[in-house]
Amino acid sequence: MMDSAMKKGDWLKNNTYHHSDFPTVAELAEEKRKQGLSISLCIPSLNEENTIGKEIVLLRSELMIRHKLLDELAVIDSGSSDSTREVARSFGADVYKSSEILPKEGEMKGKGENLWKAIYQLEGDIILYLDADIKNIHPKFAYGLLAPLILRPEIKYVKAFYERPLIMSGSVRPSGGGRVTEILVRPLFSLFFPQLTAFLQPLSGEYAVRREVLEQISFPVGYGVETSHLIDVLQLFGLEAFAQVDLDQRVHRNQATRDLGKMAFGILQTFLKRLKKHDMIAELPETGAVLRQFQSQGTEHRQVEHDIPVTERPPMLEVEAYRKKFK
Amino acid sequence: MVPELEDITDVLQEYRSSAETVKEILLSNLVTFGEVPAPTFGERRRVEEVQHVFIDSGLQNCSIDDLDNGMAILPGAQGERNLLLIAHADTMFSEKVDHTISLQPDRAVGPGVADNSLGLAVLATLPQLLEAANIRIKDNLILLTPTRGLDKGNLEGLRFFLKHNRLPISAGICVEGAQLGRLSFSCIGMLRGEIVCSVPEEYDWTKFGATNAIVSLNEVINRILEVSLPTRPRTKIVLGRIEGGTSVNSVPTEARLQFEIRSESARIIESVSREIDAIITETASHSGAQIHWAVFARRRPTGIPFSHPLVRATTRIMESLNVTPRIAPSTSELSTVLGHHIPAVTVGITRVERLNRADEAALIEPVFTGLAQLLAILKAIDDGLCHEKR
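Residues numbered from 1 in each chain as written. Chains lettered and ligands numbered in written order. Predicted model: local features only at pLDDT ≥ 70, side-chain atom pairs only at ≥ 80, totals over all residues. Heavy atoms only, no water.

## Observations regarding the overall build of chain B
When helices and strands are tallied, chain B shows eleven helices and 18 strands. For chain B, the C-alpha radius of gyration of 23 Å lies close to 21 Å, the compact-globule estimate for 390 residues. Taken along the three principal axes of its C-alpha coordinates, chain B extends 80 × 45 × 40 Å. For chain B, buried positions account for 56% of its 390 residues. Counting only contacts in chain B whose residues sit at least 6 apart along the sequence, the fraction spanning at least 24 positions is 80%. Accessible area of chain B: about 17,000 Å², with a carbon and sulfur share of 49%. Within chain B, the 49 negative side-chain charges are centred at a point lying 5 Å from the centre of the 39 positive side-chain charges. (Helix = DSSP H or I, 4+ residues; strand = E, 2+ residues; numbered from the N terminus. Rg over C-alpha atoms; globule rule 2.2 N^0.38 Å. Buried < 20%, exposed > 50% of the residue type's maximum accessible area, 1.4 Å probe, protein only. Contact = heavy atoms within 4.5 Å. Areas by Shrake-Rupley, 256 points an atom, 1.4 Å probe, with all protein chains shown as cover. Lys, Arg positive; Asp, Glu negative; His and termini not counted. Charge placed at Lys NZ, Arg CZ, Asp CG, Glu CD.)

Here it is, written out as structure tokens:
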């Protein structure tokens, strides 16, 4: 236990960065060229027409045109009903409908599905995932996450964390994650995977990962993909394979508590599955996948049921088409 | 071979195509600058963002002066003369306004996106634009992003720069995002002032009648509206902004009016301002209210003639691009540049909808025509086609 705490402390010191800690984009691009690395950016999307254009323009101009840090910028869309795909295409992104990638594998709905299919569709040795709803997008979101992978070969998975602009108290910065992180994920990690408590924001949706890692891990299609990644990569490669980077602030949509409830439910299911998989818990009863929430009108209280099954895509290496393309 | 304007107008479509190749860089600069608030007197952060891009592009003399003006020099092949390109850094939107910019396939939308984030983005993209168009400029280009231009700024930034600048400047171009077709080469005279009416907070019988600052200000306004203005030289009074009172059921103790006198004649401006001064003194004397006024910005009428080679070249370039020149006098940076006897024009870059509203929209497609126009004017000046024969 002492050893684990020590390790975690060292990791926090050595593998936690601020985006300003790194060399310039030009120097990173040069180092990447020397190593012969290729890097793909994947933006999973669903109805993001208001923010996606800006994100593509800023990242393409700075990291593909001005500097050659990215080799590929793709939007993997879950079937937006607005003009997300048209906007993305008009600003020069490669745009794919998730349902049209690996059609033999069928179609599932969820961000995790897009992330998983990106491993097959995109070519990079490193894949960087950025959400499409970042209002204050800046190239640092990309180069900050890529820098540890370019500069330290032993790092395999880099996760973002942010300042959360809530209440400040003296010189102490409010840190840590959002509500689901602090109420659900951090307590669970503290109990079962204490090393993972070193992540300031384990649920952040921005990360850069080496292909050799991505192809070996499974992907929950809906909620829980971030949690499962942390647990699986920890088991496969250890804490040393991770780094985390402070990207200052991230401005995005705030989620309603009711929606966070669904997210927490999905994460919990994923988590329990992982406990079972790693023989950390004895038999669990059949739990089903229905979340029940209340909707009240006046004195009438109605229970609403949400079916939130946790379906997982297998490690990409198990998919024949992928092995044919990459191996 | 003596260069001719036809050499330039013949390749305008090539300039336009070259401009399309820098679309991403231009839009990226536009978003980067435009999302940083830059109200007049609070432009520093935006100017720093522009400086980062200037430095990144390898420009020389990148610096910010005491009044937060940003500048950089793109050295010319010969560097015998210096051309000044100006895009004002300030906007009329306060820090509190959400400055998020949204990019759609045909437009960029957000506060100040055209006025003048686009002007700044054009200056910052100029090195790439010239390279794409394969234009090697002989003269040095001084890229300037002056502050304190709008509102009560009174063009302080640009005045400061020109006062301390030691580089001889042969011509200037003021770049505004709005509107494509705009052509200014003269400036009308202008005086901006603020009238403040105040009454005692406690009702005071010795100041009988001085019970309401708004009523007193209203009287001043009515009298200003009676001032007789000549049709020639053209003269106008704009009552631009008014504020007063705190709530519906409180007697207002202070009211303010900001106004502008515009005229083609400096003499008329002086005479109208004397009339306003008399109105204020008279109203104060019989209403019992304290009424003060102060001038916070002033421009003298100035300009270059329509026949000036710079104006004629600019007009021909616009017409060759099927852009109809809309000639309008300016009261902005141009007046200060012309006041320093530097021949200069102001041009716009694109078509803009809902100008100066929070949802201002700069159309993307016309930008490339606006950029081709700018390249052509620069090239014409650089080739010596815009200088007056002495």
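## Considerations on the overall build of chain A
Scanning chain A from N- to C-terminus turns up eleven helices and twelve strands. Over its C-alpha atoms chain A spans a radius of gyration of 20 Å, differing by no more than 12% from the 20 Å that the globule rule assigns to 327 residues. Principal-axis analysis of the C-alpha atoms places the extent of chain A at approximately 60 × 50 × 45 Å. Going through the 327 residues of chain A one by one, you find that 54% of them count as buried. Taking the contacts inside chain A whose residues are at least 6 apart along the sequence as the reference set, 75% of them involve residues at least 24 apart. Taken as a whole, chain A presents about 14,800 Å² of accessible surface, with 53% of it coming from carbon and sulfur. Separation of charge centres in chain A, based on 43 positive and 45 negative side chains, amounts to 1 Å.

## Considering the side chain of A:Asn15
Residue and element names in this part refer to chain A. Following the sequence through the fold, Asn15 ends up in the loop between α1 (2-14) and β1 (16-18). Accessibility expressed as a relative area gives 4% for Asn15, which makes it buried. Here the side chain of Asn15 touches Arg152 through a polar contact of 3.1 Å, side chain to side chain. In contact with Asn15, other than residues within four places in its own chain, are Arg152, Ile155, Glu240, Phe242, Ala243 and Gln244. (Polar contact = N/O pair within 3.5 Å; in protein donor to acceptor, adjacent residues only side chain to side chain.)

## Details of the sheet that holds strand β16 (residues 344-350) of chain B
All names here are of chain B. On the basis of which strands lie adjacent, the open sheet formed by eight strands has the order β1-β2-β6-β3-β7-β16-β8-β15 and mixed pairing. At either margin of the open sheet sits one strand with a lone partner, and together these are β1 (60-64) and β15 (326-327). In this fold helix α5 (residues 113-132) packs onto β2 (70-74), β3 (82-86), β6 (140-145), β7 (171-178) and β16, with an angle of close to 125 degrees to the strand it touches most, β7. (Pairing = 2+ DSSP bridges. Axes fitted to C-alpha atoms, helices over the stretch in contact; angles between N-to-C directions.)

## Brief notes about the pairing of strand β6 (residues 157-163) of chain A
All names here are of chain A. Most of β6 sits out of view: six of its seven residues are buried. Relative to strand β7 (residues 207-210), β6 runs antiparallel, the two being bridged by three bridges. Each residue of the ladder has a partner; that of Val158, found in β7, is Ala208. The pairing of β6 with strand β9 (residues 242-249) spans six bridges and is classified as parallel. Note that in β9 the partner of Val158 across the bridge is Ala243.

## Here we look at the pattern of salt bridges
Residues and elements named next belong to chain A. All told, the structure shown has 49 salt bridges over all chains when counted by the stated rule. A salt bridge links Asp131 to Lys111; its shortest N-O distance comes to 3.1 Å. Of the two residues, Asp131 is situated in the loop between β5 (126-129) and α6 (140-151) and Lys111 in helix α5 (residues 111-121); the sequence distance between them amounts to 20 residues. By relative accessible area, Lys111 is classed as partly exposed at 28%. Glu212 is the salt-bridge partner of Lys156, the closest N and O atoms lying 3.0 Å from each other. Of this pair, Lys156 sits in the loop between α6 and β6 while Glu212 sits in helix α8 (residues 211-214); the two residues are 56 residues apart in sequence, bridging distant segments of the chain. On the basis of relative accessibility, which here comes to 16%, the residue Lys156 falls in the buried class. Take Glu212: its relative accessible area is 36%, and that puts it in the partly exposed class. (Salt bridge = Lys/Arg side-chain N within 4 Å of Asp/Glu carboxyl O.)

## Regarding the interface of chain B and chain A
If you look at the interface, chain B gives 20 residues, while chain A gives 16 residues. Summing the contributions of chain B and of chain A, the shared interface buries around 1,500 Å²; its carbon and sulfur component is 55%. For the interface between chain B and chain A, the tally reads four salt bridges. B:Asp98 is the salt-bridge partner of A:Lys135, the closest N and O atoms lying 3.6 Å from each other. Counting every contact that joins chain B to chain A gives six residue pairs in polar contact (both at pLDDT 80 or more). Of all the secondary-structure elements, those providing two or more residues to the side of chain B that touches chain A are α3 (23-34), α4 (44-56) and β4 (102-104) of chain B. Broken down by element, the side of chain B that touches chain A gets its largest block of residues, eight residues, from α3(B). Looking at the side of chain B that touches chain A, its residues break down into eight nonpolar, seven polar and five charged. (Buried area = accessible area lost by both parts, 1.4 Å probe. Nonpolar A, V, L, I, M, F, W, Y, C, P; charged D, E, K, R; others polar.)

## Points about the domain arrangement of chain B
All names here are of chain B. Considered domain by domain, chain B is made up of domain 1 (5-187 + 301-382) and domain 2 (189-299). Summarising the inter-unit geometry, the C-alpha centres of domain 1 and domain 2 are found 36 Å apart. On the domain 2 side, the residues contacting the eleven residues of domain 1 number 14 residues. Summing both sides of the interface, domain 1 and domain 2 together bury roughly 940 Å²; the carbon and sulfur share of this comes to 45%. Of all residues in domain 1, Lys152, Pro301 and Thr331 give up the largest surface area on contact with domain 2, accounting jointly for 56% of the area buried on that side. (Domains from an automatic or database assignment.)

## Observations concerning the side chain of A:Thr51
All names here are of chain A. Within the secondary structure, Thr51 sits in the loop between β2 (39-45) and α3 (52-66). Of note is the side chain of Thr51, whose polar atom sits 2.7 Å from the backbone oxygen of Ala132. Sequence-distant contacts of Thr51, defined by excluding residues within four places in its chain, comprise Ala132, Asp133 and Lys135.

## Details of the packing of α4(B) against α5(B)
Residues and elements named next belong to chain B. Running from amino to carboxyl end, α4 crosses α5 at an angle of 20 degrees, the nearest separation of the two axes being 10 Å. Of the possible angle classes, the one that applies to α4 and α5 is roughly parallel. Classified by chirality, the crossing of α5 by α4 is right-handed. Contact residues: α4 offers Arg46, Val50, Val53 and Phe54, while α5 offers Ser117, Leu120, Leu123 and Ala124. (Parallel < 35°, antiparallel > 145°, perpendicular 65-115°, else oblique. Left-handed = near helix turned anticlockwise from the far one by under 90°.)

## Description of the packing of aromatic side chains
Within this structure, the stated rule accounts for 14 aromatic pairs over all chains. Look at A:Tyr17 and A:Phe22: their rings are 5.0 Å apart centre to centre, the planes differ by 45 degrees, and that puts the pair in the tilted class. Residue A:Phe22 is classed as buried on the basis of its relative accessible area of 12%. Chaining the aromatic ring pairs together yields one cluster made of A:Trp11, A:Tyr129, A:Tyr157, A:Phe199, A:Tyr207 and A:Phe242. Here B:Lys152 stacks its cationic end above the ring of B:Phe296, 5.4 Å away from the centre of that ring. (Phe/Tyr/Trp six-rings, centres within 6.5 Å; stacked < 30°, edge-to-face > 60°. Lys NZ or Arg CZ within 6 Å of the ring centre and 35° of its normal.)

## Here we look at the packing of helix α7 (residues 213-225) of chain B against helix α8 (residues 266-287) of chain B
All names here are of chain B. At a minimum axis distance of 10 Å, the contact between α7 and α8 shows a crossing angle of 145 degrees. When you trace α7 past α8, the crossing you get is right-handed. Taking contact as the criterion, the partners of Ser216, Glu219, Val220, Arg223 and Ile224 in α7 are, on α8, Ile276, Ile279, Ile280, Glu282, Thr283, His286 and Ser287. Considering only residue class, the contact of α7 with α8 consists of five nonpolar, four polar and three charged.

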